[in-house]
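Residues per chain, in single letters:
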Amino acid sequence: MAQCLQYNFSTTPYIDSHIHLYEYGEEAEKLCKEIHYIFLAVSDDIQSSLKTIEIAKKCSNVVPSIGFHPWNVKEPNIDFKQFENIIKTYNVKFLGEVGLDKKFVSETFNVQLHLFENLVAMAKDYELGLSVHAPNAWREALEVLRRSGVKIAIFHWYTGPAELLREIVNEGFYIGINVAAKIQKKHLEIIKIAPLESIVTESDGPYNYRGLVLGPAMLPELIALIAKIKNVDEKTVREAIWRNFYIILKNVGIC
Ligand SMILES: [Zn+2]
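Residues numbered from 1 in each chain as written. Predicted model: local features only at pLDDT ≥ 70, side-chain atom pairs only at ≥ 80, totals over all residues. Heavy atoms only, no water.

(A) Representation of the overall build of the protein in the model. Helix and strand counts for the protein stand at 9 helices and 10 strands. In terms of C-alpha radius of gyration, the protein reaches 17 Å, essentially the compact-globule figure of 18 Å for 255 residues. Summarising its shape, the C-alpha atoms of the protein cover approximately 50 × 40 × 35 Å along the three principal directions. The buried share of the protein, taken over its 255 residues, is 56%. In the protein, the share of contacts with a sequence separation of at least 24, taken over all contacts with a separation of at least 6, comes to 68%. For the protein, the accessible area works out to roughly 11200 Å², and carbon and sulfur atoms hold 50% of it. With 28 positive and 31 negative side-chain charges, the protein shows a spacing of 4 Å between the two charge centroids. (Helix = DSSP H or I, 4+ residues; strand = E, 2+ residues; numbered from the N terminus. Rg over C-alpha atoms; globule rule 2.2 N^0.38 Å. Buried < 20%, exposed > 50% of the residue type's maximum accessible area, 1.4 Å probe, protein only. Contact = heavy atoms within 4.5 Å. Areas by Shrake-Rupley, 256 points an atom, 1.4 Å probe, with all protein chains shown as cover. Lys, Arg positive; Asp, Glu negative; His and termini not counted. Charge placed at Lys NZ, Arg CZ, Asp CG, Glu CD.)

(B) View of the coordination of the zinc ion. The coordination sphere of the zinc ion contains the protein donors His18 (NE2), His20 (NE2), Glu97 (OE) and Asp204 (OD), at a distance range of 2.1 to 2.2 Å. Around the zinc ion sit 4 donor atoms, and with donor-metal-donor angles ranging over 80 to 168° the site reads as irregular. The sequence pattern describing where the donors of the zinc ion fall on their chain is H-x1-H-x76-E-x106-D. Here His20 is found in the loop between strand S1 (14–19) and helix H1 (27–32), whereas its partner Glu97 is found in strand S4 (residues 94–99), with 77 residues between them in sequence. Considered together, His20 and Glu97 belong to a single accessibility category, that of buried residues. (Donors = N, O, S within 2.8 Å, 3.2 Å for Na, K, Ca; no water. Tetrahedral: all angles 85-135°; square planar, octahedral: opposite > 155°, others 65-115°.)

(C) Inspection of helix H3 (residues 80–90) at higher detail. Burial in H3 covers these residues: Phe80, Phe83, Glu84, Ile86 and Ile87. For H3, the arc enclosing every buried residue in end-on projection is 160°, short of the 170-degree limit, so these residues lie on one face. Exposed residues pointing more than 90 degrees away from the buried face of H3 are listed as Lys81, Lys88 and Thr89. At its buried positions, H3 is contacted by helix H2 (46–58), S4 and helix H4 (109–126). (Arc of directions from axis to C-beta.)

(D) Representation of the pairing of S1 in the model. Burial runs high along S1: 6 of the 6 residues are buried. Traced from S1 through H1 to strand S2 (residues 37–41), the parallel crossover comes out right-handed. (Right-handed = clockwise from strand over helix to strand, strands pointing away.)

Such coordinate-based values are descriptive only and should not be taken to indicate function.
The following block contains the structure:
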């Protein structure tokens, strides 16, 4: 594989395809200097999107992703022009965290849908990848993506049904496997059914899941867990994840 991100990878990197790096404040730069990692750093609103872009300027192994988390959706009047300006100004290649959520914030679903449809259309226009959050709205999110014709989407921390997983994978989209799999049975089951060529790993750091503060340091352990479940060696898993992520980066024009 060719080099990309102006980075010389002497070993196969760990992939954190979903981390809220801006939330680490001063620590973010230290964290992104972890040389054997590549981060897709997601954002939750306009302000955090700009912070993420600043971090990525200092760390060549960080891919900045701008977004608007469905948990933050309150107003129907969202300034899409502002998003578009950020994409154009900074040559952004990824949108996330974006999506739909019927589990935690179902009351704002209609506004979420309006926002998500518009952002996905923007992703299509600018050939961007998407990091998609969709608890209890996996089907709805897939339908929006299908209608749009976007090529690259990662279903972050997928916990939806097995049949839908097959549809997602057949569509050429990816399944994000989170480090929390070791304590979340529902997610552990996803590792069993998701094909190795359709998964990427993620931390969602610094999210606190049932008392476990998630972070990229847990990724080697997740690789070992996936290897055990799939009955292959860790090297095979690590290389497969990097290959998958490399294809993602290539398709959005980064590598
Ligand atoms: Zn997240």
